[in-house]
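Overview (structure and organization)
Below, each chain spelled out in residue letters.
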Amino acid sequence: MTRKTFLWATVAFMLIPLYVLTVNAFKGQQDILSNPFGLSGLTLEPLGRALTNPQFNVVKGYAVTLLFVVAVNVLSVGLAAPAAYVIARSSKRRFRVLMLFFLAGTFIPGQVLVIPVVYVLKTLGLMGTIRGFVLFETTLTLPFSIFLYAGYIATVPAVLDQAAAVDGAGRLRTFWQIVFPLMRPAVATMVILNTFSVWNDFVNPQIILGPGSGLYTVTTGVYAAVSQFSTDYTVVFPTLMLAIAPLLVFFVFMQRHIISGLTAGATKG
Amino acid sequence: MTLTQEAPPVAPARAVPQKARRRDGLATTIMVAPATILYVVMLIIPVGLAFYLSLTDWDGFSANPAFVGAANYVSLFDDPDLRRAALVTLLVAAAGTAGLNLFGLGFALLVNGASKANTFFRIVLFYPHVLSALVVGFLWSAILGTTGAVNNLVTTWGGEVIPFLSDPTWATVTMIAVLVWAGFGVNVVLYLAGLQAVPHSLIEAARIDGATRWQVFRNVTLPALGPSVTVNIVLSLVTLLKTYDLVVSLTAGGPAGQTQTVAYLILWNSIHDSRLGFGSAQSVILMLVTAALAFVVTRLRRRGELAVHQ
Amino acid sequence: MRSPHPFLAPTAIGCLLLLTGCGGGGFAGDTQAQQGEGGQVTVRMLVNITPNLTQAYWDGLVKPFEQANPGIDVKVEAPTGKGVADTLPQQLAAGNAPDVVETLTADETLSKQMLDLTDQPWVKDTPLAKEASLGGRIYTVGVGVQAQSLVFYNKSAFDKAGIDKPPTTFEEFDAAMGKLKASGVLPLQTGGEFLTGLQLLQFSNPSRAQLHPAWQQDIKAGKIKAGESMLPLLERYRTWIDKGYVDKNALGMKYADAETAFLSGKSGMYVMGSWFTAAEAKAQKDFEVGVFPAPVDKGQQYPGPQGATMAAPYMVLKSTPNKDAALKLVQWLVTDPEAVKSQLKQDGNYRTGVDREFTPLEKQVQQILDTAPSGTPQGEGYGDATLPKGFNAAWNTEVQGLYVGKSPKEVAEGVDRWLAGRS
C-alpha cells in the first residue's frame, strides 16, 4: 500500500514538467503567467507560429537529426564490431594494448575534444560538413562500443569460428555470417545508447556544424529558437513541445525494446 | 583478395595454410584498421593537439601562437573562477552520483518484477532520459525561475519568491536535483538488469532462515549486485564530470557565475574569451581528473567486492 | 557458393560515406559555388538576432539592395553560439568566417582579421567612426548611435509615490527609490544574465566620464584600477539590495523577463539603452513611460556625458573573397537613407540629421542625446579605449556577487584581479 502510494506520488512528480509543458504550449502569454497550471484559454495559435518559426524549421531539424542518427549508427556498428571481434579473439599482446588504447577513450569528455577537433576537421576540409560531423560523432561512440562488443564476443564460443574456418570461410565471412548475427543484443544496446546521445547532442553540432552550414539539429534548433526569446513563453513552450513530442511517442511505443535492449547487451557484456 | 591469390606459392607443402594465414592477416587489417585510423585521427590527435595548445597563448585564429610553456597551468592554480568551477563540478559529480545511485537502486527494488504497473512505472521513471539535457534545462528554468510557473503560483498565494535559480546554494541544489531527475531512470534500468542476476534461490533460502528484508538486501542482494554498482557509479561519475548542456539552459552559469562547471568554463574561455591555450590547459586537467577518478572508483569497488566475497 | 555478405558491410559503409558526402550541405562546397553561376556572388553576413532584430527583419532589410544589385545575393546568418561575439571566433577558427559581421566593434585582436576601411570616402560621415578607430585606422562603421545611460520610469508610479520631478543626483535617485518603495512598488528593475553588469555600467557612465574622462586608457596604462574606481557606486548598489530597492531574487530573471516586468508595471524604474524605446513602442500598457539621463554625483554637471555606442556596427572580414560586393553592401547599409532609417527605427537608435517618425518617448531620447555634452565609451569600450576581451562578462559576474553576499570591496577586487590576469 505505502509502496504504491509512494510510486504514484513519484509518477506525479516525474510528469509535472511534462504537464506544464503541454498545457502551456496551448496558451497565450497572459494565461501562462497568471495561471501556469490551469487549463484556461487554450489556443492553437502559438503552436502554429512555432511550426513556422524561421529560426527553427522543425521538420528539417528532425530530418537532419535522423540522418545523423542513422549514419552514425551504421558506421559505428560497421567499424566497431569487426574491430572488437579481432580484439576479442586474439591473445596477441598487440591487440590487448589496442583494447586498452580504445578503452582510454571512454574517459575523455567530448567537450574537451570538440575545440581541437575543429582544427583537425579544418585540415581535412571536413569542417562544417555532414561528413565531418558524422565521422566525429562515430569516433565518440567507438571506445564504448568496442568495449561492449568485445566483452560480448568473448561469451560467444570460439568453436563456432573454428568450425567455420575448417569449412574454408575467411575471417571476414566468419565474422559477418556467424558471429555478428549472434551479437544482436549487444548491437541493439549500443544502437539505442548512440541514438540517444547523437539525438540529444548539443555542443558538437553547435560547434562543428556552425552557422555557415545552415544545418540545425533538433537541439541546436531549439537553442536558436528559445534562447533569444526566452521570456516569450508562447515561443518557449510550443517549441520545446515540438522538439520532444515525436521522440516521446516513439519511446512509449518502443519502450519494451528500448529498455530490454539496454539491459540485454549490458548484462552479458 | 585477388592479390593474395596471385601471390607466388612458396614451399608447396605448406602453401595452403600460409595462403590462408596471409589472407587472414589482410582480413584482420581490414577489420581493425578503419576503426583504429578514425579513432587516432578524431580522438588521439585532438587530445595531443589540446595538450600542445595548452602550452601556447593562442586565441584560436591569429597566425602565430606563442609558446608559453607551463604558464597556462600555473595561472590555472590561481584562477578563482576555475577553483570555484572545480568545486561546483566535484560537488555535482559527488552529490549527483549519490543521488542517481540511491534513487536508481531504490526504485529498481520498488519496481522489480513483471507487472503492468511496474512497466508503467519504469517508463515514467526513464522518460526524461529521452529528452536532451538542453530541453530539460529550458523546461525547468521556465518552471522554477523567479517569474516561472512555481513562483507565480507561490506569489499569487501571497508567499515569498523561492530563489530556486537566484541564490547560489539554491541554484546548485536545483541543478543537482534536475540532473538526478533527468538521469536516475537509466540507473533504475541498469540496476534492474543487475537484479535479474541475483540468484532467487539464495533470497528464498535467506527468507526461510528468518532474515529480515533489510538483512536479505544487505547480505544477499547487495553483494550480488557488486558489478552493477561499479558500472553505475563509474558511468554516473564520468557523465556528471562533463556537465555542460544543463548549465547552459538551466542557469547559464549564474547567479554570479556560481554554477559554472569546468566544462562550461572550458568552452567559455576557449570561445567567448578567445583564450584557447588557457581553455586547453583546463581540458587537459579535466581529462586527467576524470580518468583518475574513474580508475580509483573502479579499484576501490573491486577491492570492496573482493572483501564482500571473502 | 560464395556468399556476398562479407562484402556487404564495407560496401554499405562506402556508399554511406559517399552519400553523406554528396548530400552534405556544408560550407566547404558553398565556397566554390559562390564563384560559379555566371558572376553571381554571395555575401554572407553574420548578424545579431534580438527580439527587435529578427531574422525576418534582416532578410527584409537587405532585399532592396539585392534588387538593386542583381549580381549580389546577401545571405543573412544568425549566430549559433551565445551571440555574435561567440560565433565569430568559432567561425574564424573553423576557417569559414562570414564576409560581413554586424554588432561587434574592432579591438586589437579582431582588427587583424578585418578590412581597413579608412580610405573609403563614405566612411567619414558615419556616426562615431573616428571614436571607434584603432590607432587612427577605421575598421568599424555604424548606422547610428545608441544612448546607453537612460533611466526609464513609470509615470503613474512616480505620481503615486509623489515624485514630482525626475532625480538628477545619486542622493535624489535614492530618495525617489525610497518613495517608490514606500508606495508599494519595486523601485528599480534589475535582472540576471548579462543585464546586472550592463545596467550598472550604463548607470555609471555620466558620473564616471566626468571623474575619469579616459577611463579605459587610464586602466590600461595602470593609472587607475577599474574596480577601485567604481567602488563608491558598488557600495551604493549594495545599499539598494539591502533596502529592497531592487529585487533580491533578480538574478533568477532573464533579460526579457526584466523588460516584461517593467512594461507590465511591476517596477518603477528601468536602466536601459535607447533600443528599449522600440520594445516600449510595441508593448500594450496602461501607464506612460518617461525617461531621464542617468543621475550624477553631487556637484557634477547634469546631464553628464551619455554612454554612447555605435548602433549596428559593421565590419568587413579581410578574408572575404567578395571584397567589392561586401564593401558595397556595407556602404549601402550605413549610408542609404531608407536602410538607415529602417535600422534606426527597428532598434530604437538615433543619428543626427536623420528624422524619422518618433514616438513621444523616442522624441525625449533624441532630446537627451542632443543636449548631452558628449559621448563616452562604456565598459569594455571601443577603438583605442578598449579593455581586454571579456571584461563586460567578468564585470557582470562580479557585480552579481553583490546579490549573493559579496562585499563591494570584494567585488571591486575581483574585477581588478581579473584585469590583472589579462594584461
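Basis of the calculations
Residues numbered from 1 in each chain as written. Chains lettered and ligands numbered in written order. Predicted model: local features only at pLDDT ≥ 70, side-chain atom pairs only at ≥ 80, totals over all residues. Helix = DSSP H or I, 4+ residues; strand = E, 2+ residues; numbered from the N terminus. Contact = placed C-beta atoms within 7 Å. Buried ≥ 20, exposed ≤ 12 C-beta atoms within 10 Å, placed from the backbone. pLDDT = per-residue confidence, 0-100. Pairing = 2+ DSSP bridges. Axes fitted to C-alpha atoms, helices over the stretch in contact; angles between N-to-C directions. Parallel < 35°, antiparallel > 145°, perpendicular 65-115°, else oblique. Left-handed = near helix turned anticlockwise from the far one by under 90°. Nonpolar A, V, L, I, M, F, W, Y, C, P; charged D, E, K, R; others polar. Core = buried A, V, L, I, M, F, W, Y, C linked by C-beta atoms within 7 Å. Expected span 1.5 Å × (residues − 1). Arc of directions from axis to C-beta. Right-handed = clockwise from strand over helix to strand, strands pointing away.

A few words on the overall build of chain A. Secondary structure summary: chain A contains 13 helices and zero strands in total. Element order for chain A, N to C, with α for helix and β for strand: α-α-α-α-α-α-α-α-α-α-α-α-α. Taken over the C-alpha atoms alone, chain A extends approximately 75 × 60 × 30 Å along its principal axes. Partitioning the contacts of chain A with sequence separation of at least 6, the portion at a separation of at least 24 is 74%.

So, on to the overall build of chain C. The secondary structure content of chain C amounts to 17 helices and 13 strands. Its C-alpha atoms give chain C principal-axis dimensions of about 95 × 55 × 50 Å. Out of the 423 residues in chain C, the part that is buried amounts to 52%. A sequence separation of at least 24 residues applies to 76% of the contacts in chain C between residues at least 6 apart.

Right, let's get into the confidence of the model for chain A. When pLDDT is averaged along chain A, the result is 85, and 94% of the positions lie at 70 or above. Mean pLDDT across the elements of chain A bottoms out in helix α2 (residues 29-34) of chain A (75) and peaks in helix α4 (residues 58-89) of chain A (93).

What follows concerns the sheet that holds strand β6 (residues 186-189) of chain C. The strands making up a sheet are joined through hydrogen bonds of the backbone, oriented either antiparallel or parallel. Residue and element names in this part refer to chain C. With mixed pairing, the four strands of this open sheet are ordered in space as β6-β7-β5-β8. Since the sheet does not close on itself, it has two edges, and those belong to β6 and β8 (289-293), each with one partner. On average, adjacent strands in this sheet sit at an angle of 25° to one another, irrespective of strand direction. The sheet contact formed by strand β5 (residues 150-154) and β8 spans five bridges and is antiparallel.

Moving on, we come to the packing of helix α7 (residues 130-153) of chain A against helix α10 (residues 184-200) of chain A. Residue and element names in this part refer to chain A. Where α7 meets α10, the axes come as close as 10 Å, and the angle between the chain directions of the two elements is 160°. Here α7 is positioned roughly antiparallel relative to α10, judged by the angle of their axes. For the pair α7 and α10, the sense of crossing is right-handed. Taken together, the residues of α10 that come into contact with α7 (itself represented by E137, T141, S145, L148, Y149 and Y152) are A186, T189, M190, N194 and V198. Of the residues in the contact of α7 with α10, the class split is six nonpolar, four polar and one charged.

This next bit is on the nonpolar core. In this structure, A84, Y149 and L240 of chain A are the most contacted members of the largest nonpolar core, which totals 294 residues. Apart from residues lying up to four places away in sequence, A84 of chain A is in contact with I146, Y149, A150 and I153 of chain A.

Further remarks concern the interface of chain B and chain A. When the parts of a complex come together, some accessible area is lost, and that lost area is often used as the size of the interface. Contacts between the two partners involve 67 residues from chain B and, on the opposite side, 62 residues from chain A. Considering every element that reaches the side of chain B that touches chain A, the biggest residue donor is helix α2 (residues 15-53) of chain B, with 21 residues. For the side of chain B that touches chain A, the per-class residue count stands at 52 nonpolar, ten polar and five charged.

Quick look at unusual backbone geometry now. Residue and element names in this part refer to chain C. A cis amide bond links Y302 to the next residue, P303, at an omega of -5°. By secondary structure assignment, the location of P303 is in the loop between β8 and β9 (306-311). A positive phi is found at T103, a non-glycine position, where the angle reads about 95°. Note that T103 resides in the loop between β3 (100-102) and α5 (108-111). Its identity as a non-glycine residue notwithstanding, L128 has a phi of 60°, on the positive side. The residue L128 is located in the loop between α5 and β4 (144-147) in this model. Owing to 24 C-beta atoms within 10 Å, L128 belongs among the buried residues under this scheme.

This part is about helix α7 (residues 170-182) of chain C. Residue and element names in this part refer to chain C. The first and last C-alpha atoms of α7 sit 18 Å apart over 13 residues, in line with the 18 Å expected at 1.5 Å per residue. Buried residues of α7: F173, A176, M177 and L180, and no others. One face of α7 carries all of its buried residues, which in axial projection span an arc of 100°. Opposite the buried face of α7, by more than 90 degrees, sit the exposed residues E171 and A182. Looking one or two residues past α7, G184 carries a phi angle of roughly 90°, positive in sign.

The next subject is the environment of A186 of chain A. Tracing the backbone through its elements, the reader meets A186 of chain A in helix α10. Remark: the alpha-carbon pair of A186 of chain A and Q206 of chain A, spanning 20 residues in sequence, is separated by 30 Å.

With that settled, the discussion passes to helix α4 (residues 84-94) of chain C. Of all eleven residues that make up α4 of chain C, ten are buried, and the element is covered over most of its length. Considered for burial, the residues of α4 of chain C that qualify are V84, A85, T87, L88, P89, Q90, Q91, L92, A93 and A94 of chain C. On its buried face, α4 of chain C sits against α6 (110-124) and α11 (203-209) of chain A, α13 (262-272) of chain B together with β1 (41-46) and β3 of chain C. Where α4 of chain C ends, the next residue or the one after it, G95 of chain C, has phi of about 75°, a positive value.

The next point concerns the environment of L46 of chain C. Structurally, L46 of chain C is set in strand β1. L46 of chain C sits 33 residues away from P79 of chain C along the chain, and the two C-alpha atoms are 6.8 Å apart.

Residue and element names in this part refer to chain C. Ordered in space as β2-β1-β3-β10, the four strands form an open sheet in which the pairing is mixed. Sheet topology places β2 (72-77) and β10 (314-316) at the edges, where each strand pairs with a single neighbour. Direction aside, neighbouring strands of the sheet carry axes that sit 25° apart on average. Of the pairings in the sheet, the one linking β3 to β10 comprises three bridges and is antiparallel in character. Residue pairing in the sheet places V100 in a bridge with V316 of β10.

This brings us to the environment of A412 of chain C. Residue and element names in this part refer to chain C. In this fold, A412 is placed in helix α17 (residues 408-421). For A412, a count of 23 C-beta atoms within 10 Å gives the class buried. Linking A412 and E259, residues 153 residues apart in sequence, is a C-alpha distance of 27 Å. Ignoring any residue separated from it by four or fewer positions in sequence, one finds A412 in contact with G227, E228, M230, L231 and L234.

Attention shifts here to the pairing of β1 of chain C. All names here are of chain C. Bridging between β1 and β2 involves six bridges; their strand directions are parallel. Within β2, the position partnered with M45 by the bridge is V76. Once you follow β1 into helix α3 (residues 55-68) and on to β2, the crossover reads as right-handed. Sheet analysis places β1 next to β3, joined by two bridges and oriented parallel. Paired with L46 across the two strands is V101, which belongs to β3.

A few words on the confidence of the model for chain C. Any segment with low pLDDT has predicted coordinates that should not be analysed in fine detail. All names here are of chain C. Residues at a pLDDT of 70 or more form 90% of chain C, whose mean pLDDT is 86. Low pLDDT, under 50, characterises residues 1-37; the stretch is placed with 47 contacts to residues that sit more than four places away or in other chains. In the predicted assembly, ipTM is 0.86 and pTM is 0.85.

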